[in-house]
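# Structure at a glance
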Amino acid sequence: MEDCLAKKMEITVSEAEKRTGRNAMNMQETYTAYLIETRAVESQGEGQCAPVDSLWRRYSEFELLRNYLSVTYPHIVVPPLPEKRADFVWHKLSADNMDPDFVERRRIGLENFLLRVASHPVLCQDKIFYSFLTQEGGWKEMVNETGFQLKADSRLKALNATFRVKNPDKRFTELKHYSDELQSVISHLLRVRARVADRLYGVYKVHGNYGRVFSEWSAIEKEMGDGLQSAGHHMDVYAASIDDILEEEEHYADQLKEYLFYAEALRAVCRKHELMQYDLEMAAQDLTSKKQQCEELATGTVRTFSLKGMTSKLFGQETPEQREAKIKVLEEQIQEGEEQLKSKNLEGRDFVKSAWADIERFKEQKNHDLKEALISYAVMQISMCKKGIQVWTNAKECFSKM
């Protein structure tokens, strides 16, 4: 971790800007660009400040970077991007992806994504990631030249592997179930939070109604007027604070959403392992089949029904020379298959070792982050309740002075 990029470079996504341009279909579109600023830490001496480098990136470029990292490092739980469009929001909050409040939260999420990658012991060393931060022109071409798209596995192939693997690794099966449960629990938590936010919004608006009634009442009551006016003022201030409070709540919700999306990153690692296991099993099956064919040719016996066996019976047996030539070809294929199987076994063991080390790292990070987020959320709720108690305490004092 001492060598990670986050220790050597300050990385911020400092602002977002709404722009209009032409897409690949030459149609006009509106999008948001984000300003990434970087500053070298090592060059900062006493009384000196390193120059800031900056460049603009679209959200789609962040997506391209993450896709590249996911394909290039299949054994790593790649940090997720913030949501492209708002989800699990309380109904008074805009779900428009161009809404300033949402864009601001997404800016924070994109900065967090870059810091996650820059802090990762493996991902931080990737040259493409470094170029993403420092090289504005030609970056997309550099990514495409890596040919990572050719390495990407299709969803159909991944689905096929999921259902046809005969000996799945129990640890990865359990991890997949865990990621499903994690996603389910956080989704439920976010839905509950959105419902609570709606009710809380209603409670605050009721206080606004109290404020309006007390203020109107104060106009017709000479002796009680000052007390009612003061109580109404406390109610109005409390009611007006709801928008800022619920916007702050959305930031805590975004921290939970990050791990909602992390669940998919965990499943991606599991799918990659299933694909490797499936390829291994297919290679072993193919090798077994070739060994059986070779043995049948050598002994002149056919153990199982085959089209080739029926052809031999109908049109006569092969000559010894033909049989020897086929045996030789099969022996070469068997030798190649054994080497391939050995290579796949080694690759699989290396994948499991690397993946499990990164999964353990992720679990430690998750436990720490979710603990901090939930504690902060609880503290905020307690603070809100204390403010509500204080409002009514102040109102009581106002009424007592009447």
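To be clear, the structure that these remarks concern was listed above.
A brief look at the structure comes next. None of the values given here were measured: they were computed from a predicted structure.

### Re the sheet that holds strand β2 (residues 28-40)
- Ordered in space as β1-β2-β3, the 3 strands form an open sheet in which the pairing is antiparallel. Two strands close off the open sheet at either side, each with one partner strand: β1 (9-22) and β3 (53-58). Neighbour-to-neighbour, the strand axes of the sheet open up by a mean angle of 25°, direction not taken into account.
- Pairing of β2 with β3 involves 6 bridges; the strand directions are antiparallel. If you follow L35 over to β3, its bridge partner there is W56.
- Against the sheet, helix α4 (residues 127-134) touches β1, β2 and β3, its axis set at about 105° to β3.

### A word on the packing of aromatic side chains
- Following the criterion strictly, the structure yields 14 aromatic pairs and no others.
- Ring geometry for Y204 and Y238: centres 4.4 Å apart, planes at 25°, overall stacked. Residue Y204 is found in helix α8 (residues 170-218), and its partner Y238 is found in helix α9 (residues 225-240); the two are separated by 34 residues along the sequence. Note on accessibility: Y204 and Y238 belong to one class, buried.
- An angle of 75° between the planes, with centres 5.5 Å apart, marks the rings of F214 and F399 as edge-to-face. Taken as a pair, F214 in helix α8 and F399 in helix α12 (residues 320-400) lie far apart in primary sequence, 185 residues in all.
- Following the ring pairs from residue to residue traces out a cluster consisting of F62, F113, F132 and W139.
- The side chain of R57 reaches across the aromatic face of F132, ending 4.8 Å from its centre.
- When the ring centre of W356 is taken as reference, the NZ or CZ atom of R171 above it lies at 5.3 Å.

Criteria and cut-off values
Residues numbered from 1 in each chain as written. Predicted model: local features only at pLDDT ≥ 70, side-chain atom pairs only at ≥ 80, totals over all residues. Heavy atoms only, no water. Pairing = 2+ DSSP bridges. Helix = DSSP H or I, 4+ residues; strand = E, 2+ residues; numbered from the N terminus. Axes fitted to C-alpha atoms, helices over the stretch in contact; angles between N-to-C directions. Contact = heavy atoms within 4.5 Å. Phe/Tyr/Trp six-rings, centres within 6.5 Å; stacked < 30°, edge-to-face > 60°. Buried < 20%, exposed > 50% of the residue type's maximum accessible area, 1.4 Å probe, protein only. Lys NZ or Arg CZ within 6 Å of the ring centre and 35° of its normal.

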